[in-house]
Amino acid sequence: QVQLVESGGGLVQAGGSLRLSCAASGRTFSTSAMGWFRQAPGKEREFVAATGGGTYYADSVKGRFTISRDNAKNTVYLYMHSLKPEDTAVYYCASRGSWRPTVEGGTYDYWGQGTQVTVSS
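To keep things clear, this report deals only with the structure shown in the data block. Just so it is clear, the structure is predicted and the values come from calculations on it, not from any experiment.

1. Re the state of the cysteines
Reasoning step 1: For the structure on display, the rule yields one disulfide.
Reasoning step 2: Shown here is the disulfide that connects C22 with C93, its sulfur atoms set 1.9 Å apart. Note on the C22 and C93 pair: the S-S dihedral is about 45°, so by sign convention the disulfide is right-handed. Of this pair, C22 sits in strand β3 (residues 18-25) while C93 sits in strand β9 (residues 89-96), and the two are 71 residues apart along the sequence.
Reasoning step 3: Its relative accessible area of 0% is what places C22 among the buried residues.

2. A short note on the side chain of T102
Reasoning step 1: Summarising the element assignment, T102 is placed in the loop between β9 and β10 (110-111).
Reasoning step 2: Here T102 falls in the buried class, since its relative accessible area comes to 10%.
Reasoning step 3: A polar contact is formed between the side chain of T102 and the backbone nitrogen of E104, at a distance of 3.4 Å.
Reasoning step 4: A polar contact is formed between the side chain of T102 and the side chain of T107, at a distance of 2.4 Å.

3. A short note on the packing of aromatic side chains
Two measures describe an aromatic ring pair: the distance that separates the ring centres and the angle between the ring planes.
Reasoning step 1: As enumerated under the stated definition, the model contains five aromatic pairs in all.
Reasoning step 2: Look at F37 and Y108: their rings are 5.3 Å apart centre to centre, the planes differ by 75°, and that puts the pair in the edge-to-face class. Highlighted residues: F37 in strand β4 (residues 33-39) and Y108 in the loop between β9 and β10, separated in sequence by 71 residues. Taken as a pair, F37 and Y108 share a single burial class, namely buried.
Reasoning step 3: Between the aromatic rings of F37 and W111, the centroid separation amounts to 5.0 Å while the plane-to-plane angle is 55°, which identifies the pairing as tilted. Here W111 lies in strand β10 and F37 lies in strand β4, a separation of 74 residues in the sequence.
Reasoning step 4: A relative accessible area of 28% means that W111 is categorised as partly exposed.
Reasoning step 5: Pairwise contacts between aromatic rings join F37, F47, Y108 and W111 into one cluster.
Reasoning step 6: Taking NZ or CZ as reference, R45 lies 5.8 Å from the ring centre of F37, over its face.
Reasoning step 7: A cation sits over an aromatic face here: R69 above F29, 4.5 Å from the ring centre.

About the criteria used
Residues numbered from 1 in each chain as written. Predicted model: local features only at pLDDT ≥ 70, side-chain atom pairs only at ≥ 80, totals over all residues. Heavy atoms only, no water. Disulfide = S-S within 2.5 Å. Helix = DSSP H or I, 4+ residues; strand = E, 2+ residues; numbered from the N terminus. Buried < 20%, exposed > 50% of the residue type's maximum accessible area, 1.4 Å probe, protein only. Polar contact = N/O pair within 3.5 Å; in protein donor to acceptor, adjacent residues only side chain to side chain. Phe/Tyr/Trp six-rings, centres within 6.5 Å; stacked < 30°, edge-to-face > 60°. Lys NZ or Arg CZ within 6 Å of the ring centre and 35° of its normal.

Listed below in structure tokens is the structure:
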């Protein structure tokens, strides 16, 4: 059974930074694409970033967020800089059984429980 455990969320002022972590187990991490998604209250879940055989970012975070992975630690990170109030959401990491990352949440088969990020103005 694949387990994904996110950490690192919290409250930060606009312009600040946070690092999210997602520790994975139960699947060969080094050959699994990993993604970050977020969902704000009253909104649909949206793609943020993904890594595997390529790296992708949503336009809204490009230049501010960086996704990286440490295969030795089975962990994927999301470094978030220049945070804005509109980045406030629950952030989820997700795993898919393919090295090819996608921006479609439906193509990921395992999800973490989420971590709250709140950016105050």
